[in-house]
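# Residue-level structural notes
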Amino acid sequence: MIFILKLFRDTFNRLFITRKHKLAVFGLAVIGSFIAITELAVAKLFTKIVLHEKTMSDNKAKIFILAFFIAFGLTRAGHFAQRIFRLKYFERALSDLKDRLEMTKTQENWIWNLAIELSTVTTAAVQLCLLALFFAVFSPIFTLIDFVLIAIILEVFSRLLKHQIEQQRKFVAARKEKNPAASAVQVQTRIRSAEFGQLISSSVIMLLLAVLLYMSYKDGLSPSNTVVLFLGIRMQSSNLNNISTGLMRFARALTHSE
């Protein structure tokens, strides 16, 4: 995991050369993560409506339903706005980099890919941390277990990334020597590593779900809280899959832009 942190820090400093750009890009990642976390709050509101609809008055039910649809619409709009603004800001930040460095059109394209993968993985990683903190509201013990298991998964990802970078550098060297590896081999190498990372993360997520079921049965977690934690775990699983795939694409973009 330390390898990923150091590599991302160095790449971040390489791509975004001013303090303003660094803060803005990281801020966009945090905003994107917070927007995703609000989806769990929306899910909590939905479960409250469903589980208590029989005991709610008509006026209260209408207020909750209206609030749900407004909140849901805002989160969707927030996601869209964050992603569009991210691309526009990348254009501005990477233009400054292009002005300082001489690069070919191909290198510029790889730099763009590198920036997008860096941002995507960073956003997913920040979201993992925020999800774990969100879980603490419902169960500190569950949050601790979650932190440990996520750390194990990220360590596996770190080893896969290191191996993938080595493989991609061999592909780049072979291409420069006019003896490129077959496209199928290059694609399979990257996808195989990404899929293996997803397999490992899915196995650990299954263990986390088993912990949730046990705590729901033994520790008396309320049904609504259990549902929200389940949705949070599913969101974590999706983020981990995105990180696994994004890291392998990051390795390819990194080696081709060097």
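Residues numbered from 1 in each chain as written. Predicted model: local features only at pLDDT ≥ 70, side-chain atom pairs only at ≥ 80, totals over all residues. Heavy atoms only, no water.

### Notes on the confidence of the model for the chain
Which entries qualify depends on this criterion: For every residue, the predictor reports its confidence as pLDDT, a number between 0 and 100. Under the scheme used here, helices are H or I runs from DSSP no shorter than 4 residues and strands are E runs no shorter than 2 residues, and both carry numbers assigned from the N terminus.
Taken over all residues, the pLDDT of the chain has a mean of 82, while the share at 70 or more is 91%. By mean pLDDT, the top-scoring element of the chain is helix 5 (residues 140-176) (90), and the lowest-scoring one is helix 3 (residues 58-100) (72).

### Looking at the layout of surface pockets
Convention followed: Lining residues are defined by having an atom within 4 Å of a point belonging to a cavity or pocket. Those points lie on a 1 Å grid over the protein atoms alone, cavities being sets where a 1.4 Å probe fits but cannot get out and pockets being open sets with protein on both sides within 12 Å along at least five of seven lines. Grid points are joined across faces, edges and corners, and a volume is the space filled by probe spheres set on the points. Polar here means any residue other than Ala, Val, Leu, Ile, Met, Phe, Trp, Tyr, Cys and Pro, which are nonpolar, and Asp, Glu, Lys and Arg, which are charged; Gly is therefore polar.
Its boundaries defined by the atoms lining it, the largest pocket holds a volume of some 580 Å³. Surrounding the largest pocket, 23 residues form its lining, Ile4, Leu5, Thr122, Ala125 and Val126 being those nearest its centre. Only helix 1 (2-15), helix 4 (105-136), helix 5 and helix 7 (223-257) provide two or more residues apiece to the lining of the largest pocket. If you tally residues by element for the lining of the largest pocket, the top one is helix 4, at eight residues. When its residues are assigned to classes, the lining of the largest pocket shows 19 nonpolar, two polar and two charged.

### Thoughts on the nonpolar core
Put simply, the rule reads: Residue types Ala, Val, Leu, Ile, Met, Phe, Trp, Tyr and Cys, when buried and joined through side-chain atoms within 4.5 Å, form a set referred to as a nonpolar core. Relative accessibility decides the category of a residue: with a 1.4 Å probe and only protein chains considered, values under 20% of the type maximum give buried, values over 50% give exposed, and everything between is partly exposed. Contact between two residues is taken to exist if any of their heavy atoms lie within 4.5 Å; hydrogens are not considered.
Judged by nonpolar contacts, the single largest core of 57 residues is most densely connected at Phe16, Phe142, Phe157, Leu161, Leu240, Leu247 and Phe250. Where this core is concerned, the elements lending two or more residues are helix 1, helix 2 (19-51), helix 3, helix 4, helix 5, helix 6 (183-218) and helix 7. Setting aside anything within four residues of it in sequence, one finds phenylalanine 142 in contact with Phe135, Leu208, Val211, Leu212, Met215, Leu229 and Ile233.

### Thoughts on the environment of glutamine 186
Within the secondary structure layout, glutamine 186 lies in helix 6. Residues glutamine 186 and glutamine 167 lie 19 residues apart in sequence; the distance between their C-alpha atoms is 8.7 Å. Discounting residues that sit within four places of it in the chain, glutamine 186 has contacts with Gln168, Phe171 and Ala181.

### A look at unusual backbone geometry
With a phi angle near 60°, lysine 178 is a residue other than glycine that sits in the positive phi range. Positionally, lysine 178 belongs in the loop between helix 5 and helix 6. We classify lysine 178 as exposed; its relative accessible area is 75%.

### Regarding a nonpolar patch on the surface
Rules: What makes a patch is a set of residues exposed beyond 30% relative accessible area and free of salt bridges, joined within 9 Å when like-charged and within 5 Å when nonpolar (Val, Leu, Ile, Met, Phe, Trp, Tyr). All accessible areas in this document rest on Shrake-Rupley with a 1.4 Å probe, and a residue is counted as covered only by the protein chains that are shown. Salt bridge criterion: a side-chain nitrogen from Lys or Arg within 4 Å of a carboxyl oxygen from Asp or Glu.
On the surface, Leu66, Ile70 and Leu74 cluster together to form a nonpolar patch covering roughly 320 Å² of accessible area. Structurally, the position occupied by isoleucine 70 is in helix 3.

### Considering the packing of aromatic side chains
Note the following rule: For this analysis, a ring pair means two rings from Phe, Tyr or Trp (six-membered ring only for Trp) whose centres lie within 6.5 Å, classed as stacked if their planes differ by under 30 degrees, edge-to-face if by over 60, and tilted for the remaining angles. Each ring is checked for a lysine NZ or an arginine CZ that lies within 6 Å of its centre and within 35 degrees of its normal; such an atom marks a charge sitting over the ring.
Scanning the entire structure with this criterion turns up two aromatic pairs. Seen in terms of ring centroids, phenylalanine 135 and phenylalanine 142 are 5.6 Å apart; in terms of plane orientation they differ by 65°. Their pairing is edge-to-face. The positively charged end of lysine 162 is found above the aromatic ring belonging to phenylalanine 3, 5.0 Å away from the centroid.

### Some details on the packing of helix 1 against helix 4
Convention followed: Helix axes are fitted only over the stretch in contact, all axes being lines through C-alpha atoms; the angle between N-to-C directions runs from 0 to 180 degrees. Any angle between 65 and 115 degrees counts as roughly perpendicular, while under 35 counts as roughly parallel, over 145 as roughly antiparallel, and the rest as oblique. Crossings are sorted by hand: turned counterclockwise from the far helix by less than a right angle, the near helix makes the crossing left-handed, and turned clockwise it makes it right-handed.
Put simply, helix 1 and helix 4 touch, their axes get as near as 11 Å, and they point 130° apart. Judged on the interaxial angle alone, helix 4 and helix 1 are oblique. Considering how the two elements wind past one another, helix 1 and helix 4 form a crossing that is left-handed. Two secondary-structure elements touch here, helix 1 through Phe8, Thr11, Phe12, Arg14 and Leu15 and helix 4 through Ile111, Leu114, Ala115, Leu118, Val121 and Thr122.

### A word on the pattern of salt bridges
Any two side chains of opposite charge can pair, so long as their charged atoms come close to each other. Under the defined criterion, the tally for this structure stands at three salt bridges. As a salt-bridge pair, aspartate 10 and arginine 9 come within 3.4 Å of each other at their nearest N and O atoms. You can call aspartate 10 partly exposed: its relative accessible area is 41%. A salt bridge links glutamate 117 to arginine 249, with the nearest nitrogen and oxygen atoms 2.9 Å apart. You can see glutamate 117 sitting in helix 4 and its partner arginine 249 sitting in helix 7, a full 132 residues away along the chain.

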